Amino acid sequence: MTAILQISDTHIVHEGALVSGRLDTADALGRLVERISGIRDKIGAIDALLVTGDLSDGGTAASYDRFKSIIAPLGLPTYVIAGNHDAREPMRAAFAQDLPASGHLDWSRRVGDIHLIGLDTLVEGQGAGALSSDSLSFLQAALAQAGGAPVLLALHHPPFASGIRFMDKIGLTNREAFREIIADYKGTLRIVCGHVHCMMVTDVAGHIALSAPSPCSTFAYDRRSDAPVGFYTQEDGCLLHRWNGGFESIRIGPVAGPGPFPF
Ligand SMILES: [Fe+2]
């Protein structure tokens, strides 16, 4: 059994700052860390923490340091990928032990039974994402190296349309190239992403793909062409992906209500 906790879109800023003048994102992440710590003995062992992008809101070195100090109580090996709010070089410096020394922040590693792959979709200076030709080649090679192990594949921008128009306008621009590679993959593959600050489950070229919620905010599921552009302050939790002969993905809510009460 292998379990990987996925937290996404934490948008940490420096001490004293609020995102968009409104969100205390460090506080929100701190509460989620507390919540997870409080249920650790109930949910079983966790092997690693995967953070699927937008760790930082502005990509500063100080925000990555703050992020690391907030998640430190979890005591988990932590693997990160870049989101559109991240900045590649400060992120590389902050996680130097696990990220490549140069080029895109693509990586793969074995965590227990799982072959974990992280892809870099960041195009600095824009919200939309893309997989470079290097990252697409990396993906092909990393899948070939899985050797039959179940693959958990992480990228920040969902390789599917969410229906939230203003987010889809800054989606993954070369979804087709990604789809072509994974369509040929015959092993077990689960795709996990962030960016849309809400949980969605879909199928991409025959593989299950999920987006994770964000601890700090969400976007309304509003398909109208004139849907207002912006975020809601609603806080959410994270996902736990367990390999137990098959993948199970469990949403962990941000707060616990009172209980249990007898039926
Ligand atoms: Fe985000």
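Since the model is a prediction, treat every value here as computed from it, not as a measurement. (Residues numbered from 1 in each chain as written. Predicted model: local features only at pLDDT ≥ 70, side-chain atom pairs only at ≥ 80, totals over all residues. Heavy atoms only, no water.)

Caption draft 1: Quick peek at the coordination of the iron ion. At this site the iron ion is bound by Asp9 (OD), His11 (NE2), Asp54 (OD) and His197 (NE2), with donor distances of 2.1 to 2.4 Å. Taken together, the four donor atoms coordinating the iron ion span angles of 89 to 178° at the metal, a pattern that classifies the geometry as irregular. In the primary structure, the donors to the iron ion are separated according to the pattern D-x1-H-x42-D-x142-H. With aspartate 9 in the loop between strand S1 (2–7) and helix H1 (25–43) and histidine 197 in the loop between strand S7 (189–193) and strand S8 (200–204), the pair connects residues that are 188 residues apart, well separated along the chain. Here aspartate 9 matches histidine 197 in class, with each residue buried. (Donors = N, O, S within 2.8 Å, 3.2 Å for Na, K, Ca; no water. Tetrahedral: all angles 85-135°; square planar, octahedral: opposite > 155°, others 65-115°. Helix = DSSP H or I, 4+ residues; strand = E, 2+ residues; numbered from the N terminus. Buried < 20%, exposed > 50% of the residue type's maximum accessible area, 1.4 Å probe, protein only.)

Caption draft 2: Main features of the sheet that holds strand S9 (residues 207–211). An order of S4-S5-S6-S7-S9-S8 is seen for the six strands of this open sheet, with the pairing classed as mixed. Edge positions in the sheet fall to strand S4 (107–111) and S8, since each of these pairs with one other strand and no more. Ignoring which end each strand starts from, the neighbouring axes of this sheet average 20° apart. The pairing of strand S5 (residues 114–118) with strand S6 (residues 151–154) spans four bridges and is classified as parallel. By the bridge assignment, histidine 115 is partnered in S6 with valine 151. Contacts from helix H4 (residues 133–144) reach S4, S5, S6 and S7 within the one sheet, and its direction differs from that of S5 by about 175°. (Pairing = 2+ DSSP bridges. Axes fitted to C-alpha atoms, helices over the stretch in contact; angles between N-to-C directions. Contact = heavy atoms within 4.5 Å.)

Caption draft 3: Local environment of the layout of surface pockets. One number sums up the size of the largest pocket: a volume of about 270 Å³. Grouping the constituent residues of the lining of the largest pocket by class yields nine nonpolar, eight polar and three charged. (1 Å grid on protein atoms, 1.4 Å probe; cavity = no way out; pocket = protein on both sides within 12 Å on 5 of 7 lines; lining within 4 Å. Points joined across faces, edges and corners; volume = space filled by probe spheres on them. Nonpolar A, V, L, I, M, F, W, Y, C, P; charged D, E, K, R; others polar.)

Caption draft 4: Region of interest: the pairing of S7. Buried residues dominate S7, accounting for five of its five residues. Judged by which residues are buried, S7 turns out to be covered on both faces: Leu189, Ile191 and Cys193 on one side and Arg190 and Val192 on the other are all buried. Judged from the four bridges that link them, S6 and S7 form a sheet pairing that is parallel. Across the sheet, residue alanine 154 finds its bridge partner in S7, namely valine 192. Where S7 lies against S9, four bridges are found, and the strand directions are parallel. By the bridge assignment for S9, arginine 190 is matched with isoleucine 208.

Caption draft 5: Highlighting helix H6 (residues 175–183). Buried within H6 we find Phe178, Ile181 and Ile182. Along the axis of H6, the buried positions cluster into a sector of 90°, meaning they face one direction only. In this structure, the buried residues of H6 make contact with H4, S6, S7, S8 and S9. (Arc of directions from axis to C-beta.)

Caption draft 6: Molecular detail of empty space enclosed by the protein. A full pass over the atoms with the stated rule returns two cavities of 30 Å³ or more. Within this model, the largest cavity holds a volume of roughly 50 Å³. Lining the largest cavity are Ile164, Phe166, Ala220, Asp222, Ala227, Pro228, Gly230 and Tyr232. In terms of residue class, the lining of the largest cavity is built from six nonpolar, one polar and one charged. Approximately 40 Å³ is the volume found for the second largest cavity. Along its surface, the second largest cavity is lined by Pro158, Phe160, Ser162, Met167, Asp168, Gly171, Leu172, Arg175, His195 and Val196. Tallied by class, residues from the lining of the second largest cavity come to five nonpolar, three polar and two charged.

Caption draft 7: Representation of a nonpolar patch on the surface within the structure. A surface patch of nonpolar side chains, about 250 Å² in accessible area, is lined by Met199, Val201 and Ile208. In this fold, valine 201 is placed in strand S8. By relative accessible area, valine 201 is classed as exposed at 55%. (Patch = residues over 30% accessible without salt bridge, like charges linked within 9 Å, V, L, I, M, F, W, Y side chains within 5 Å. Areas by Shrake-Rupley, 256 points an atom, 1.4 Å probe, with all protein chains shown as cover. Salt bridge = Lys/Arg side-chain N within 4 Å of Asp/Glu carboxyl O.)

Caption draft 8: Molecular detail of the pattern of salt bridges. Counted according to the given criterion, the structure contains ten salt bridges. A salt bridge links arginine 66 to glutamate 15, with the shortest nitrogen-to-oxygen separation between them at 3.8 Å. In this pair, arginine 66 sits in helix H2 (residues 61–71) while glutamate 15 sits in the loop between S1 and H1, placing the two residues 51 residues apart along the sequence. Residue class for arginine 66 comes out buried when judged on its relative accessible area of 16%.

Caption draft 9: Representation of the UniProt feature "domain: Calcineurin-like phosphoesterase" (unreviewed entry) in the protein within the structure. The UniProt entry lists residues 4–198 under the feature "domain: Calcineurin-like phosphoesterase" (unreviewed entry), expressed in the numbering used here. Helix and strand shares over residues 4–198 are 32% and 16% respectively, and the end C-alpha atoms of the span are 19 Å apart. (UniProt positions renumbered as here; feature names shortened; annotations may be inferred.)

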